[in-house]
Amino acid sequence: MAARVPHDEDMRGVRDPDFLALGLGGTSMMSMLWAIAMGRRAVGIEMRGDPFLGVHWNVRADLYHQLGLIDKLMIERYGEDRIPRRGDGDKMFRLAETFYSTETMAGDIVADEVIDGFDAERHISGTIHHVEFIDDRWRDGVPNRAVTLLTPPKPDERPDETLIRTDMTDVLDGPSTFQGGASTILVLLRRYLEKMEEMDLDSDFEPRVRLFTRHRVVNTPEGFDRQEDGRIGFRVEALQELDYKGKFVRVRRPGSQIMEIGVPELFMIAQGAHSTDAERLGFKQEDVAVDHKDGRGPVVAQADYLAGLIEAYVGGRLRRRISTEFDDEGQEYWVRQIAVGHEEDPEVGWCLVQVPDFKTFDPIKEGLVPEGTDTQSPEFFAAYDTLIYDFYAQQVGDVLEMTKDEVKKIQTVYGPKLFTLIERVGADALLAPNGVVAGDAFGNGHFLTSGGAMTGMIGHSWRVYEYYLAREAGVPHEEAIRRLADKIKEDTHSWLHVSAKEYSEAVPINFGAERISQIEAQGGIASSSRSAAIDATRRQRHSLAPLNPSDWRRLFLRNGKVYSVPLPELHAMHPALRGQQARKKRARIIVAFVAPDLTPASLRFIRGAISQPGTTMGLIAPGSKEELPQNIQDRLGTFVSAPEVTDADQLVELVGKVKEELGPPERLMGTAAALQVPLAIAREKLRIEGLRAESARNFRDASRLRERLAEAGVPIPRYARVGSVQDGLAFGTEIGYYPLVVKPNEGAWAGNTHRVDTEEELSTLLNRLHPTEEHPLICEEFIEGRECTLEVISVDGVPAWFSATRFGAEFLVALRNPRTAFTMTLPREQDDPADPLVRRMGFAALKALGMDTGVSSMRWFRRLDGTAVVTDVIPSPPVEPIGSLMTLAHGTDIYRVWGNTIVNGLFAPIPRLYAAGAAMFRTEGEGTTVSAVHGLTEIVQELGDLVVRVEEPRIGQSWSDPLTSGCFVLLRHAETAVVDEALRRIADSVWVELSGRTKIAAT
Ligand SMILES: Cc1cc2nc3c(=O)[nH]c(=O)nc-3n(C[C@H](O)[C@H](O)[C@H](O)COP(=O)(O)OP(=O)(O)OC[C@H]3O[C@@H](n4cnc5c(N)ncnc54)[C@H](O)[C@@H]3O)c2cc1C
């Protein structure tokens, strides 16, 4: 046999090919296969050698059916003898069956081993068995999880050309059936073409295909040979690729000659997202803008991702997650993650996570390296790398239901690598009378749609097939290529269309138009400048990590274990609500509870905590154990009698007594507002988890609370901290209108909150209360409007759940005017009264004040103009009857829920089944003693099942105001309107007659 001419010098089948493909990704190779199957001669030019693309693709079934059709056309046209063979045997190389077959299995494969017959038992794709969508976006301001499991399509047993879809929107909107390593699928196509080339070069046939895979079009103007009629001819050079000082560099292979390819009838440039050849031919891509109808108008579709391949057994699974991230200003961002695996292959865990726009990974800002560290130094880069890896591991952990540390123990074969995705598309795919641009080079959408390769391989390449069908049907070249270019554009637009939603971001939030300037001043971020800030952040990220496509071939191994057991089950709860699962370290837990009294209100909380399984309680309270109900006595670990607890040192000593009896407590809790600061200080001294002293002071000190809220941009009333009578009068003059509200700076409650209607009243009150610097007062504007509350359960600083009440009449009016009945409603609708903006205000307030775990209660007003304003926040549960309303509306004991949150750090969201209401009674007559109750028996009878509980005033009971009387009617119904109407009926028809001593006016 005569010695074969070296491949690059053998010019058989090269000149003036029917089809020339520049760049041998999936789009080009499928197109070449169609061209050859239609009897044409194809030449392919690739500069990076063998397929290298490391990603794992989700593949629509159409590809399998197309491969089957190519196999069929090949045999029909060339006969079985001219079909390439697999391995050293004589087995015909069929693309479809090598890709997938019911006769072989999926698994951990090497494409060449399958193709060569070394591994005769496997095919190269895997099928998808699990399709899971996790929506972990915060809803209505709290973490929320919705998991959707879809049934994946079953693969067809045989390829079937009638099942090939030609509308790419249909293809991309539909689910994927297969998964496969991009490079393995590309190797399948490449080997087939290579074997065909080799087969033909070894025979007397004119080669159907020629491949030059370390080559490119000469990158000077000489590379293009423009004909008079505009058609382009090509000159190609061989390349030597080298790692030159850490960079891939390509130069013309020393001693090689330029190859004349000539003028192809049809050429296609599909060189990936940045095609230099297309650019040189004048092609331009433009950024795609998407209007999400969120008020921002069209914005560039752009997102940054971290890509990595971890060796975890994701299996035949496609899991997608969308979640919420917050920046320092509390702005919400939606980010996406995806995990793609491979059937029966424990080494494929392709995990991509989106980087929220605000994240810079700036080691200096994060305090990992000192200010002024050289950004080019290894220390700086190491810190940057740590931040990236930490973020990646955390996000991957949230997708795979693992902890960040577990993820870090898994071998990472690639990444995490930062890359950016900007949707770009060209105006026209027609480059020249004989050529088109296709695949990612024409335009690209979002990889989360698993659509890029599909658009090029299933869509664009099929258009090449249609081109040849048209030519065979006698359509002139000009018309057929015009149609080809238009169809390429149409397919890419389908991908862009399907991708649009993947770029949607959360809408920036602010607390009302009139507050924007205040927020901007305080937060330092203008909402309109959000996009500018984002751009700056991105620039910083990119200057830290330049993107380079050759990175796919420059692997860095983070060695670790292969996680080859099945993934943990998907959890029903949002990860943010599981933050403290490790809080309770053992099955048993010792709790010290401090109660200021043993009233029914305190007992409810004691019960809520002591009923938690495994809890042993040491109760610190006045009186004796015997005064407690029997069921509490039976469960109590120890009782420490303390007549009055006021300071932290005393608490430390009392907790010491609990410790002597039970061992060191892991919780130190109590609900009395006045105890929150001493409790927090004692916790710090005893190293017990819980609200910190600094935060407790934020809540307790009214002027400090207002400062924190103002800093966070939360609307508050105009106020002044008043350390003298003069200060107070000056505030009255400055604000210039009445009424005003006056209350202590520490420990305000209804009974010591006063309303003044004139300057004279203010002066009298201030002189009576005598404010000093040590014991200041707060003077603030009186808010006309409806008073409301917002109760929030937080876990580890994360608002996990909320409910809100609205008061029927203004609270202070009711106090001042006993003829006004006082009602409150906990509506069933979650937007009534706390709309999303108010909830945001509440959550922002809690964040600013430093709430950690537990129930908090916020007082706020809906002004007459509709805006909301916060007047008070406490880090403990609300006063009665709000707790009872919460219990009624949710059909669950809210005190036990509170206990579970505080003791175990756990909270499972509870649905609201009812609206609930409380009515307190108006009074008539001067005096402080109840002498008669009117209308109560009748209305309770009339309202029937609506009434859940009645705390009836007793004749002779002393009475100062409706709220402290402890008397009320509690109602419940599925409809809020029914509860409201019943409350109105009670307010109208029930009154308490007072007599006896003359009542002293509250002011
Ligand atoms: C992380 C990630 C996940 C993805 N997941 C999916 C998925 O699940 N499903 C899916 O369908 N798609 C997916 N995609 C998209 C898909 O990989 C691309 O859309 C697809 O590879 C584009 O194919 P192409 O043929 O247009 O170009 P490419 O695959 O980029 O191929 C272009 C080829 O041209 C060569 N080349 C470039 N310049 C020159 C030159 N001047 N001369 C010669 N050769 C050149 C390159 O070396 C390369 O081999 C994903 C992409 C990413 C980044």
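Shown above is the structure to which this text applies.
What counts, and at which threshold
Residues numbered from 1 in each chain as written. Predicted model: local features only at pLDDT ≥ 70, side-chain atom pairs only at ≥ 80, totals over all residues. Heavy atoms only, no water. Buried < 20%, exposed > 50% of the residue type's maximum accessible area, 1.4 Å probe, protein only. Helix = DSSP H or I, 4+ residues; strand = E, 2+ residues; numbered from the N terminus. Pairing = 2+ DSSP bridges. Near = heavy atom within 4 Å. Polar contact = N/O pair within 3.5 Å; in protein donor to acceptor, adjacent residues only side chain to side chain. Areas by Shrake-Rupley, 256 points an atom, 1.4 Å probe, with all protein chains shown as cover. Nonpolar A, V, L, I, M, F, W, Y, C, P; charged D, E, K, R; others polar. Axes fitted to C-alpha atoms, helices over the stretch in contact; angles between N-to-C directions. Contact = heavy atoms within 4.5 Å. Salt bridge = Lys/Arg side-chain N within 4 Å of Asp/Glu carboxyl O. 1 Å grid on protein atoms, 1.4 Å probe; cavity = no way out; pocket = protein on both sides within 12 Å on 5 of 7 lines; lining within 4 Å. Points joined across faces, edges and corners; volume = space filled by probe spheres on them.

1. What to know about the pairing of strand E36 (residues 777-781)
Buried residues dominate E36, accounting for five of its five residues. Pairing geometry for strand E33 (residues 719-722) and E36, over four bridges, is antiparallel. Its bridge partner lying in E36, Tyr-719 is registered against Glu-780. Pairing of strand E34 (residues 740-744) with E36, which is carried by five bridges, proceeds in the antiparallel orientation. Bridge pairing in E36 links Lys-743 to Ile-778.

2. Quick look at the sheet that holds strand E9 (residues 178-181)
The strand order E3-E9-E6 describes an open sheet built from three strands, whose pairing is antiparallel. The open sheet has two free edges, formed respectively by strand E3 (56-59) and strand E6 (126-127), since each of these has just one partner strand. By the bridge criterion, two bridges tie E6 to E9 in an arrangement that is antiparallel. Across the sheet, Gly-126 pairs through a bridge with Gln-179, a residue of E9.

3. Regarding the site of the ligand
In the region of the ligand, 28 residues are neighbours, and Thr-27, Glu-46, Asn-58, Asp-440 and Ala-453 sit closest. Contact distances for the ligand include 3.4 Å between an oxygen atom and a backbone N or O atom of Gly-26. Arg-48 has a polar side-chain atom sitting 2.9 Å from an oxygen atom of the ligand. In isolation the ligand exposes 990 Å². Once the protein is present, 90% of that is buried. The set of elements that each furnish at least two residues to the shell around the ligand consists of helix H1 (26-37), E3 and helix H10 (452-472). Considered class by class, the residues forming the shell around the ligand number 11 nonpolar, 13 polar and four charged.

4. Remarks on the environment of Pro-643
As for its position among the elements, Pro-643 is in the loop between strand E31 (638-641) and helix H16 (648-662). Sequence spacing of Pro-643 and Arg-280 is 363 residues, and the spatial spacing of their C-alpha atoms is 88 Å.

5. Examining the sheet that holds E36
One open sheet holds the four strands; their spatial order is E33-E36-E34-E35, and the pairing between them is antiparallel. Looking at the sheet topology across the chains shown, the edges are occupied by E33 and strand E35 (754-756). Sheet twist, expressed as the mean angle between neighbouring strand axes with direction ignored, is 25 degrees. The strands touched by helix H21 (residues 759-769) within the sheet are E34, E35 and E36, with E35 carrying the most contacts at an inclination of about 145 degrees.

6. Some thoughts on the pattern of salt bridges
Tallied over the full model, the rule gives 64 salt bridges. With a shortest N-O distance of 3.3 Å, Asp-385 and Arg-558 are connected by a salt bridge. One end of the pair, Asp-385, is in helix H8 (residues 378-400); the other, Arg-558, is in the loop between helix H13 (530-544) and strand E29 (589-594), with 173 residues separating them in the sequence. A relative accessible area of 14% places Arg-558 in the buried class. Several salt bridges converge on common partners, so that one network encompasses Asp-136, Arg-145, Arg-321, Asp-398 and Glu-401.

7. Things to note about unusual backbone geometry
Here the residue pair Tyr-738 and Pro-739 is connected by a cis peptide bond, since its omega of 5 degrees sits within 30 degrees of zero. Along the chain, Pro-739 turns up in the loop between helix H20 (725-735) and E34. Residue Pro-881 is reached from Glu-880 by a cis peptide bond, and omega for that bond is 5 degrees. Of note in this structure, Phe-361 is not a glycine but carries a positive phi near 55 degrees. With respect to the helices, strands and loops of the structure, Phe-361 is situated in the loop between strand E23 (349-355) and H8. Its identity as a non-glycine residue notwithstanding, Asp-796 has a phi of 60 degrees, on the positive side. Within the fold, Asp-796 resides in the loop between strand E37 (785-795) and strand E38 (798-807).

8. Structural notes on empty space enclosed by the protein
Here the structure, examined in full by the defined rule, presents six cavities of 30 Å³ or more. As a volume, the largest cavity reaches approximately 230 Å³. Lining the largest cavity are 20 residues, and of these Met-669, Arg-683, Leu-691, Thr-853 and Ile-902 sit closest to its centre. Mapped onto the lining of the largest cavity, the elements with two or more residues apiece are strand E32 (667-669), helix H17 (676-686), strand E40 (854-863) and helix H25 (894-904). Here the lining of the largest cavity gets three residues from one element, more than from any other, and that element is E32. Within the lining of the largest cavity, the residues separate by chemical class into nine nonpolar, six polar and five charged.

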